[in-house]
Amino acid sequence: MPYWICCNSCFNIPGPDCQLAVASCGHLICNVCFQKGKQGECMICKAKCQVTPLSDKSSAEVKALFSDINSVATKHFTEISKVLLFQARHQKRLLVHYQKRNEKLEDVLLKMKQEIQQMSKKITAQNAYIAKLENTLQHQRYRLRSIDQSEHPGQPLSSVTVSHLAEMQMTPNLPYRRDTGWETPMFKPPSAYGHPFMSSLSMSSLGATCPPP
């Protein structure tokens, strides 16, 4: 029996003439001191309590209070180790899952960045092409305006004529047949516009190639 087990009143260790009991308040009292106190009251703390004799027939809860601390520590440490290993294994599985998921997301992000770069290059090229077309159209309008002013001073060239001329300049080398004439509605011979100035323009000045009849 551990050395610390003794009566909390007389401090005698248990023996043939000294039997210990456990009070519900937690104090240990021998049978001699118990007879000196009041019934139903702890003579140590004066609290109302019940007394249970300490023997082999004591409850498991009472016996656990007197167990060897090393045995209790070893038992609980083993249980704690099992719990820790179990939880650590599942935490590791969850961590691996998130790592794989993160790798997939990084691959998707990399592909999206590459697509964005490709789209940016295409947009830059399209903007450059649009700027080139606008510059060409502006140049053709300025050229036609200069020709019109030189031929007809004081009479501005109509917007319809300029638009059709720009379309003709931007779509050269259109097919021409002897029986049907110009095949595309976007390109018409100069006489079709009903403008006296248009009839005097040569096809070579418009950038279109017409096969000989």
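All residue numbers here refer to positions counted from 1 along the written sequence of the relevant chain. With the structure being a predicted model, the display of local features is reserved for residues of pLDDT at least 70 and the display and counting of side-chain atom pairs for 80 or more, all residues being used for whole-chain, interface and lining totals. For the side-chain quantities, the full set of heavy atoms in the structure was used; hydrogens and water were omitted.

Caption draft 1: Region of interest: the sheet that holds strand β1 (residues 20-23). Strand order across the open sheet formed by 3 strands is β2-β1-β3, with antiparallel pairing between neighbours. Two strands close off the open sheet at either side, each with one partner strand: β2 (28-30) and β3 (51-53). Direction aside, neighbouring strands of the sheet carry axes that sit 35° apart on average. Paired strands are those between which DSSP finds at least two bridges. Numbering goes from the N terminus for both helices and strands, where a helix is a DSSP run of H or I of at least four residues and a strand is a run of E of at least two. One ladder, built from 3 bridges, connects β1 with β3; its direction is antiparallel. Axes here refer to lines fitted to C-alpha atoms; in helices the fit is confined to the stretch in contact. Angles between the N-to-C directions go from 0 to 180 degrees.

Caption draft 2: Fine view of the pairing of β1. A 1.4 Å probe rolled over the protein chains alone gives each residue an accessible area, and that area as a share of the maximum for its type sets the label: buried under 20%, exposed over 50%, partly exposed in between. Alternating positions in β1 separate into two faces, L20 and V22 on one and A21 and A23 on the other, with burial throughout. As paired strands, β1 and β2 are joined by 3 bridges and run antiparallel to one another. In the sheet register, A21 faces β2, and the bridge partner there is I29. What sits between β1 and β2 in their antiparallel hairpin is a turn of 4 residues, with G26 showing a positive phi close to 105°.

Caption draft 3: How the structure looks around the nonpolar core. We call a set of buried residues a nonpolar core when its members are Ala, Val, Leu, Ile, Met, Phe, Trp, Tyr or Cys and they connect through side-chain atoms within 4.5 Å of each other. Of all hydrophobic cores here, the largest spans 12 residues; its members are I5, C7, C18, L20, A21, V22, L28, I29, C30, C33, V62 and F66. Contributions of two or more residues to this core are made by β1 and β2. Residues within four places of C30 in sequence aside, it is in contact with C7, C10, C18, Q19 and L20. We call two residues in contact when some of their heavy atoms are within 4.5 Å.

Caption draft 4: Summary view of the confidence of the model for the chain. Residue-level pLDDT values for the chain average 77, and 70% of them are 70 or greater. Known as pLDDT, the predictor's per-residue confidence is scaled from 0 to 100. Element-level mean pLDDT values for the chain span from 42 in helix α6 (residues 203-206) up to 93 in β2. Across residues 162-176, where pLDDT falls below 50, the model places 38 contacts with residues more than four positions away in sequence or in other chains.

Caption draft 5: Inspection of the packing of aromatic side chains at higher detail. For Phe, Tyr and Trp, rings pair up if their centres lie within 6.5 Å, where Trp contributes its six-membered ring, and each pair is then called stacked (planes under 30 degrees apart), edge-to-face (over 60) or tilted (otherwise). Tallied over the entire structure, the rule returns 1 aromatic pair. Measuring from centroid to centroid gives 5.9 Å for W4 and F66, while their planes differ by 5°, and the two rings are stacked. Here the residue W4 occupies a position in the segment before β1, and F66 occupies one in the loop between α2 (60-65) and α3 (69-151), the gap between them amounting to 62 residues. Its relative accessible area of 42% is what places W4 among the partly exposed residues. Owing to a relative accessible area of 17%, F66 belongs among the buried residues under this scheme.

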